[in-house]
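This is what each chain is made of:
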Amino acid sequence: MKRIAVLTGGGDAPGLNAVIRAVTKTAINIYGCDVFGVLDGYDGFIAPNGILPLDLAAVRGILPRGGTILGTANRGNPFARKVMRDGQQVVIDVSDEVIKAIQELHLDAVIVIGGDGTLRVAMELCEKGVPVIGVPKTIDNDVGGTEVTFGFDTALMIATEALDRLHTTAEAHHRVMVLELMGRDAGFIALHSGVAGGADVILIPEIPFRYEAIFRKVRERAEGGAKFSLMAVSEGAKPVGGQEVFSRSGDAVYVPRLGGIGQEVGKYIESQGLEARVTVLGHLQRGGSPTAFDRWLATRYGAAAVRTAAQGGFGRMVALRDAKVIDIPISEALAVPKRVNLKGDAITTARGIGISFGDE
Ligand code: F6P
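Note that the coordinates shown come from a computational prediction; the quantities given were computed from them, not determined experimentally.

**What about the pattern of salt bridges?**
Argument step 1. In this structure the tally under the stated criterion is 18 salt bridges.
Argument step 2. Measuring nitrogen to oxygen at the nearest pair gives 3.1 Å for the salt bridge that ties D96 to K128. Taken as a pair, D96 in helix α2 (residues 95-104) and K128 in the loop between α3 (116-127) and β7 (132-136) lie far apart in primary sequence, 32 residues in all.
Argument step 3. With a relative accessible area of 55%, D96 lands in the exposed category.
Argument step 4. You can call K128 partly exposed: its relative accessible area is 39%.
Argument step 5. Linking D327 and R316 is a salt bridge whose minimum nitrogen-to-oxygen distance equals 2.5 Å. Taken together, the positions of D327 in strand β15 (residues 324-329) and R316 in strand β14 (residues 316-321) put the pair 11 residues apart, joining distant regions of the chain.
Argument step 6. Classification of D327 by relative accessible area gives partly exposed; the value is 27%.
Argument step 7. On the basis of relative accessibility, which here comes to 28%, the residue R316 falls in the partly exposed class.
Argument step 8. Overlapping salt bridges bring together D116, D140, D142 and R184 as one network.

**Some details on the domain arrangement of the protein**
Argument step 1. Segmentation of the protein into domains returns domain 1 (3-150 + 290-321) and domain 2 (155-286 + 341-352).
Argument step 2. When each unit is reduced to the centre of its C-alpha atoms, the spacing between domain 1 and domain 2 is 33 Å.
Argument step 3. Each partner contributes residues to the interface: domain 1 has 14 residues there, and domain 2 has 14 residues.
Argument step 4. Buried surface at the junction of domain 1 and domain 2, both sides included, amounts to about 1300 Å², of which 57% is carbon and sulfur.
Argument step 5. Applying the counting criterion to the domain 1 and domain 2 interface returns 5 salt bridges.
Argument step 6. Tallied by class, the residues present in the side of domain 1 that touches domain 2 amount to 5 nonpolar, 3 polar and 6 charged.

**A word on the packing of aromatic side chains**
Argument step 1. Counted under the stated rule, the structure contains 3 aromatic pairs.
Argument step 2. With 5.0 Å between their ring centres and 85 degrees between their planes, F209 and Y211 make a pair best called edge-to-face.
Argument step 3. Among the residues examined, F209 registers a relative accessible area of 0% and is labelled buried.
Argument step 4. Given a relative accessible area of 18%, Y211 falls into the buried group.
Argument step 5. Connected via pairs of aromatic rings, a cluster forms that spans F209, Y211 and Y268.

**So, the environment of Q311**
Argument step 1. By the element assignment, Q311 lies in the loop between α8 (292-310) and β14.
Argument step 2. On a C-alpha basis, the gap between Q311 and M1 in space is 9.2 Å, while along the polypeptide they are 310 residues apart.

**So, α8**
Argument step 1. The end-to-end C-alpha distance of α8 is 27 Å, a good match for the 27 Å that 19 residues give at a rise of 1.5 Å each.
Argument step 2. Where α8 is concerned, the buried positions are D294, L297, A298, Y301, G302, A303, A304, A305, V306, T308 and A309.
Argument step 3. In the stretch just after α8, G312 is the one whose phi turns positive, near 75 degrees.

**Structural notes on the state of the cysteines**
Argument step 1. Following the criterion strictly, the structure yields 0 disulfides and no others.
Argument step 2. Here C33 stays free of any disulfide, with the sulfur of C126 as its closest cysteine sulfur at 18 Å.
Argument step 3. A residue is classified by how much of its surface remains accessible, and C126, at 22% relative accessible area, is partly exposed.

**Side note on the site of the ligand**
Argument step 1. Taken together, N74, I139, D140, M182, G183, R184, E235, R257, H283 and R286 form the complete shell of residues around the ligand.
Argument step 2. Taking H283, its side chain carries an N or O atom lying 3.0 Å from an oxygen atom of the ligand.
Argument step 3. Interatomic distance of 2.9 Å between a side-chain N/O atom of R286 and an oxygen atom of the ligand.
Argument step 4. When its residues are assigned to classes, the shell around the ligand shows 2 nonpolar, 3 polar and 5 charged.

Rules of the game
- Residues numbered from 1 in each chain as written.
- Predicted model: local features only at pLDDT ≥ 70, side-chain atom pairs only at ≥ 80, totals over all residues.
- Heavy atoms only, no water.
- Salt bridge = Lys/Arg side-chain N within 4 Å of Asp/Glu carboxyl O.
- Helix = DSSP H or I, 4+ residues; strand = E, 2+ residues; numbered from the N terminus.
- Buried < 20%, exposed > 50% of the residue type's maximum accessible area, 1.4 Å probe, protein only.
- Domains from an automatic or database assignment.
- Contact = heavy atoms within 4.5 Å.
- Buried area = accessible area lost by both parts, 1.4 Å probe.
- Nonpolar A, V, L, I, M, F, W, Y, C, P; charged D, E, K, R; others polar.
- Phe/Tyr/Trp six-rings, centres within 6.5 Å; stacked < 30°, edge-to-face > 60°.
- Expected span 1.5 Å × (residues − 1).
- Disulfide = S-S within 2.5 Å.
- Near = heavy atom within 4 Å.
- Polar contact = N/O pair within 3.5 Å; in protein donor to acceptor, adjacent residues only side chain to side chain.

This is the structure:
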């Protein structure tokens, strides 16, 4: 292994720079490789000046930094790229151009750091002969085959802090405070931060809720003397028999953007005569410095990805199982998206301490 590239695709997550740093250092120190950063996801392979040589100096000081020094793109699927042709927007496949660029760069391995969308592209490129290794990233923690993705712990910490802050103002004003959290179709951020931040109601996509049940919880609390309530609501939560709320519809390139369920919940509470306020935490969950856990996991993932590449383990993704970093086929990771286990101890624990999921 002589030449290795690394790219970051999809939404950013705290810890991306820690992976880039670990890949670069391990590839140089242990294998004597030339390392290249690909700018803005797969786009860098076909953009002018899209490839950046990485040496030890280039990755110095980036460990605690959020974002990614390489840039990222969440519309960067080379198999479906939106371009203008004769004044019309069309979707074209530029994967062969990407593959040609990889061949011309004489790359022995491409380390792809991404969530399910970016990893799916990696798998398809691998099927066409590109030597890829995947590293799972997302604050949503919804990639299968791994216990945790880096970025999740940082998002959790920020969401928990937000709940702590909402708690004091909720109590002061005797209000219901609703916090809408990211996570797409997985409820991990709302569930974990809701438990850690003392939420009274947690709404997650995996458990459709009833508005009446939410309000019953608020009323019970009031009857017990607690004149305020705190709610952690996943952006993907939906009522029984209802739909998710989207702030923008999708198309062949964009996935639809979730957002707005927090407002719906707040409106319902107010319609029942109580005062409610809604906070949408949004991209604060993704920005800024990674926690120590995310730096530690990201560094281990980056180093393990290079070792896997050196062993020729192409088409595989690094993953955490039983606290060990292992590697598994990317196809296995993508076969079943990870969702909250409704029979797991987290849900049982939450119910046991009196948290409502709006389904009773
Ligand atoms: O997948 C990460 C995530 O932050 C989701 O939780 C959220 O739904 C989505 O990305 C937001 O994407 P964008 O950055 O395009 O607004």
